[in-house]
Amino acid sequence: MDGEYRGGLTSVPGKVGTALSFVSLNDDIETGDIDFPAGTSATFSFWLNDDPADMGWGDGWRQMMGKDGGNSNYYIELSPTGGFVFGIESPSTTYNEYESSSPQEARGAWRLYTVAHTFGNASSTKMWVNGQPVTGSWVRGSGAVTPVNDVPMGIAPAMTGALDDVRIYDRI
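First, a word on scope: everything that follows refers to the structure included in this document. (Residues numbered from 1 in each chain as written. Predicted model: local features only at pLDDT ≥ 70, side-chain atom pairs only at ≥ 80, totals over all residues. Heavy atoms only, no water.)

Phe44, Ile76, Phe86 and Leu163 are the most contacted members of the largest nonpolar core, which totals 32 residues. Of all the secondary-structure elements, those providing two or more residues to this core are strand E3 (18-22), strand E5 (41-50), strand E6 (62-67), strand E7 (73-78), strand E8 (84-89), strand E10 (110-118), strand E11 (121-129) and strand E14 (152-158). Top contributing element to this core by residue count: E5, with four residues. Among residues more than four places away in sequence, those in contact with Leu163 are Ala19, Leu20, Phe22, Phe46, Trp47, Leu48, Met64, Trp110, Ile155 and Ala156. (Core = buried A, V, L, I, M, F, W, Y, C linked by side-chain atoms within 4.5 Å. Buried < 20%, exposed > 50% of the residue type's maximum accessible area, 1.4 Å probe, protein only. Helix = DSSP H or I, 4+ residues; strand = E, 2+ residues; numbered from the N terminus. Contact = heavy atoms within 4.5 Å.)

With antiparallel pairing, the seven strands of this open sheet are ordered in space as E2-E3-E15-E5-E10-E11-E12. Of all strands in the sheet, those bounded by a partner on one side alone are strand E2 (10-13) and strand E12 (132-134). Between one strand axis and the next, the sheet turns through 35° on average, direction left out of account. The pairing of E5 with strand E15 (residues 161-169) spans seven bridges and is antiparallel. The residue of E15 that forms the bridge with Phe44 is Ile168. (Pairing = 2+ DSSP bridges. Axes fitted to C-alpha atoms, helices over the stretch in contact; angles between N-to-C directions.)

Listed below in structure tokens is the structure:
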């Protein structure tokens, strides 16, 4: 994976070859600035083997991928109840979160998580877990927003466990 490795990342057997193990909240990978202007489609995909004891930010939210800019970003998380979440924070600091209708975590087991979205088009959002479609809805905000700031993207900024085969495509 391209980017700046920070913390104590180690290599472990993965689902597809070798994975990276994130053992503390100080472990992450910072990539370059990855922007998606309005109308741009993106697909985010990764294998996750979540640590059974992981509490993420301390409140149970675990972030696997995110572009953090303080008031304009996008992110992929698991909620404290195990919901699979794709979020966009608009320039006005309004959170927009699309969450699976049912828990989608399997701590201690490999799962493939995929999100496809066209920025600015809330009805385009789709999710899959292990290649199977997952139903969900916008539970906060409308989802019809586009992040606009120039900040790096972080891989695993708030989770412990292993990630493998992380992919970001500029298409659905």
